[in-house]
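Examining the three-dimensional arrangement
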Amino acid sequence: MPFIEENDLLDLHKDIEKSQIINERLLDQIKYKNKDLRKIKIQRNILGGVTTVILLGVFGLWSFFSGLRTSNNFRGQETLAEVVDSLDTFRARIDNLKTQNQELSLVKEFYLAKEFLEKEKIYSVQVKSFVENNATLASESLTNTLFVKTNPFYAYSLGNFETLEEAQTFRKQLVQMGFSDAFVASYKDGKRLKIEASY
């Protein structure tokens, strides 16, 4: 069996430590280069997207104006039926846009109501509390439910009311349906302020 002297062993350990330091520096350089490459890739993607939008805009304008020239050349040849068909198409598009506008208004009202509920004091009827977070019961997209952490429990409440009387009336209905432990609580900024009187 070969014999290794202590000095040679120390030299080997030093070489290993130097190699580890060099490897760490190289890994740091690789991470730095990867960050640079990601930035360059994002910039290239943005530039490509902007270029594509500009080219599509130029193509759209060119198509529009060439279509206008073509339609002016053939305008005299259009029949009354074609004009009526194109008017019907425009009316259908306008009706479709009106419907979409109404839907967007409803969505806007929904988010405004949710924002109002988060800033103002509201009343809600707590029907259940859990030790563990059971988020499957409540969806944050619903404005008529609350799922609030009240240490050490997670409280599940139904309804969002501006007045205590409305919440108490709703509580009575829930008690009649079998939720005998339901009670009214006030909330603000997503936190429970206090438990209100039952009647």
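I will try to describe carefully the structure that is included in this document. The shown structure was predicted, so the numbers you read here are calculated from the model rather than taken from an experiment. (Residues numbered from 1 in each chain as written. Predicted model: local features only at pLDDT ≥ 70, side-chain atom pairs only at ≥ 80, totals over all residues. Heavy atoms only, no water.)

1. Quick word on the overall build of the chain
Put simply, the test is: Here a strand is any run of E in DSSP of at least two residues, a helix any run of H or I of at least four, and the numbering for each starts at the N terminus. Burial classes: relative accessible area under 20% of the type maximum marks a residue as buried, over 50% as exposed, and values in between as partly exposed (1.4 Å probe, protein chains only). Should any heavy atoms of two residues lie within 4.5 Å, those residues are counted as being in contact. Method for areas: the Shrake-Rupley scheme with a 1.4 Å probe, in which residue coverage is limited to the protein chains shown.
Regarding its fold elements, the chain presents three helices and five strands. Starting at the N terminus and walking to the C terminus, you meet the elements of the chain as α-α-β-β-β-α-β-β. Looking at the chain as a whole, 16% of its 199 residues are labelled buried. Pairs at least 24 residues apart make up 60% of the contacts formed inside the chain by residues separated by at least 6 positions. A total accessible area of about 16,500 Å² is found for the chain, and carbon and sulfur atoms account for 59% of it.

2. Here we look at the nonpolar core
To keep it simple, the criterion reads: Each nonpolar core is a collection of buried residues, namely Ala, Val, Leu, Ile, Met, Phe, Trp, Tyr and Cys, held together in the definition by side-chain atoms within 4.5 Å.
One finds Tyr123, Val125, Val127, Phe130, Tyr156, Phe161, Ala167, Leu174, Ala182 and Val184 forming the largest nonpolar core, which totals 10 residues. The element that contributes the greatest number of residues to this core is strand E1 (residues 122-130), accounting for four residues. Filtering out sequence-adjacent residues up to four positions away, Leu174 remains in contact with Val125, Val127, Leu158 and Phe179.

3. A look at the packing of aromatic side chains
Cut-off, in case you're wondering: What counts as a ring pair is set by centres within 6.5 Å for rings of Phe, Tyr and Trp (its six-membered ring), and what kind of pair is set by the plane angle: stacked under 30 degrees, edge-to-face over 60, tilted for all other angles.
For the structure shown, the criterion picks out three aromatic pairs. Ring plane angle 70° and centroid distance 5.4 Å describe the contact between Phe64 and Phe65, whose orientation is recorded as edge-to-face. You can call Phe65 partly exposed: its relative accessible area is 43%.

4. With respect to the environment of Val148
Within the secondary structure, Val148 is located in strand E2 (residues 145-150). For Val148, a relative accessible area of 7% corresponds to the buried category. Taking the C-alpha atoms as reference, Val148 lies 7.7 Å from Arg192; in sequence the two are 44 residues apart. Apart from residues no more than four positions distant in its own chain, Val148 is found in contact with Phe153, Tyr154, Ala155, Tyr187, Gly190, Lys191 and Arg192.

5. Observations concerning a negative patch on the surface
This is how it is decided: Patch membership is restricted to residues that have no salt bridge and whose relative accessible area is over 30%. Joining uses 9 Å for like charges and 5 Å for the nonpolar side chains Val, Leu, Ile, Met, Phe, Trp and Tyr. By definition, a salt bridge exists where a carboxyl oxygen of Asp or Glu is found within 4 Å of a side-chain nitrogen of Lys or Arg. Positive residues here are Lys and Arg, negative ones are Asp and Glu, while His and the chain termini are left out of the count. Note that the charge is assigned to NZ on lysines, CZ on arginines, CG on aspartates and CD on glutamates.
Taken together, the side chains of Glu5, Asp8, Asp11 and Asp15 define an acidic patch exposed on the protein surface. Relative to the elements of secondary structure, Asp15 occurs in helix H1 (residues 6-74). Owing to a relative accessible area of 42%, Asp15 belongs among the partly exposed residues under this scheme.

6. A short note on the side chain of Glu196
Filter applied, for reference: Two N or O atoms count as a polar contact when they lie within 3.5 Å, although within protein this holds only if one can serve as hydrogen donor and the other as acceptor, and sequence-adjacent residues are included solely when both atoms are side-chain atoms.
Within the secondary structure, Glu196 is located in the segment after strand E5 (191-195). Under the relative-accessibility criterion, Glu196 is labelled buried at 11%. A distance of 3.0 Å separates the side chain of Glu196 from the side chain of Ser186, its partner in a polar contact. Apart from the residues within four sequence positions on either side, Glu196 is in contact with Tyr123, Leu164, Val184, Ala185 and Ser186.

7. A word on a positive patch on the surface
On the surface, Lys31, Lys35, Arg38 and Lys39 cluster together into a positively charged patch. Assignment of secondary structure puts Arg38 in helix H1. Here Arg38 falls in the exposed class, since its relative accessible area comes to 54%.

8. Comments concerning the pattern of salt bridges
Applying the stated criterion to the full structure yields two salt bridges. A salt bridge links Asp88 to Arg91; the nearest nitrogen and oxygen atoms lie 3.4 Å apart. Pair noted here: Asp88 and Arg91 are both in helix H2 (residues 80-119), with a separation of three residues, about one helical turn. In this structure Asp88 comes out as partly exposed when scored by relative accessible area, which is 38%. Here Glu196 makes a salt bridge to Lys194, at a shortest N to O gap of 4.0 Å.

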